[in-house]
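Listed below are the residues making up each chain.
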Amino acid sequence: MLFVLILSGFPVEVNYRNVMSREELDIGESVRQHYERQDAMIRHFLDYTQTAGGNVLVVAHAASVDTCTRLLLGKPPRSDQDFIKLVRQVPYCGVAICECDQGQGHWEVKDTGHLTMTHHYNKSNNVASLLLD
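I will try to describe carefully the structure that is included in this document. Small disclaimer: the values here were computed from a predicted structure and weren't measured.

Further remarks concern the overall build of the protein. Across its full length, the protein carries five helices and two strands. Overall, the protein shows an N-to-C arrangement of helices and strands of α-α-α-α-β-β-α. Looking at the protein residue by residue over its 133 residues, the buried ones come to 26%. Put simply, 58% of the contacts in the protein that link residues at least 6 apart link residues at least 24 apart. About 9800 Å² of surface is accessible on the protein, with carbon and sulfur atoms providing 54% of the total.

Structure follows, in structure tokens:
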């Protein structure tokens, strides 16, 4: 698969090493710790790619659309109850764009203009609106 991506022109980092090992993951982490871990990972990737423009594409599970952006937006982690409620509202394949205003240094959610993919039991919410509350 990696070879196909490279041949297709994708800028794949072939010498990539995990930022955090499997052994370092705490499967009993709290919701707050989960937000903090995701934020640390996103900031690491942004710093790592800064010389190339700082663009990062994250492909992850539903909750990550919030956990990867919330602290960047200057918001506190959600409570356990709010986090569970949010997870149920994220579409099957939700898309979010979070962009930094270089002049001000603050992050904001942008409208993607893309439709989300859903299935029968899944809502078709605008992901950006979910992140703003």
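The next thing to look at is the nonpolar core. One finds Ile42, Leu46, Cys68, Leu72, Leu73, Cys100, Trp107 and Val109 forming the largest nonpolar core, which totals eight residues. The next biggest cluster of nonpolar side chains, apart from the first, holds five residues, and it includes Val31, Tyr35, Ala63 and Phe83.

In total, this model carries one aromatic pair according to the counting rule given. Between the aromatic rings of Tyr35 and Phe83, the centroid separation amounts to 5.7 Å while the plane-to-plane angle is 70°, which identifies the pairing as edge-to-face. You can see Tyr35 sitting in helix α2 (residues 31-49) and its partner Phe83 sitting in helix α4 (residues 80-87), a full 48 residues away along the chain. There is no split in this pair, since Tyr35 and Phe83 are both buried.

On to the pairing of strand β2 (residues 106-110), then. Burial along β2 is one-sided: Trp107 and Val109 are buried, while His106, Glu108 and Lys110, pointing the other way, are not. Note that strand β1 (residues 97-101) and β2 share five bridges and pair antiparallel. Bridge pairing in β2 places Cys98 opposite Val109.

One pass over the full model with this rule turns up six salt bridges. Between Arg37 and Glu29 there is a salt bridge, and its shortest N-O distance comes to 2.7 Å. Owing to a relative accessible area of 21%, Arg37 belongs among the partly exposed residues under this scheme. Note that Lys110 is salt-bridged to Glu108, the shortest N-O span being 2.8 Å. The partly exposed category is assigned to Glu108, whose relative accessible area is 31%.

Turning next to the state of the cysteines. This structure, assessed with the given rule, holds zero disulfides. The closest cysteine sulfur to the non-disulfide-bonded Cys68 is located on Cys98, 10.0 Å from its own sulfur. Taking relative accessible area as the criterion, Cys68 reaches 10% and is therefore assigned buried.

Conventions adopted
Residues numbered from 1 in each chain as written. Predicted model: local features only at pLDDT ≥ 70, side-chain atom pairs only at ≥ 80, totals over all residues. Heavy atoms only, no water. Helix = DSSP H or I, 4+ residues; strand = E, 2+ residues; numbered from the N terminus. Buried < 20%, exposed > 50% of the residue type's maximum accessible area, 1.4 Å probe, protein only. Contact = heavy atoms within 4.5 Å. Areas by Shrake-Rupley, 256 points an atom, 1.4 Å probe, with all protein chains shown as cover. Core = buried A, V, L, I, M, F, W, Y, C linked by side-chain atoms within 4.5 Å. Phe/Tyr/Trp six-rings, centres within 6.5 Å; stacked < 30°, edge-to-face > 60°. Pairing = 2+ DSSP bridges. Salt bridge = Lys/Arg side-chain N within 4 Å of Asp/Glu carboxyl O. Disulfide = S-S within 2.5 Å.

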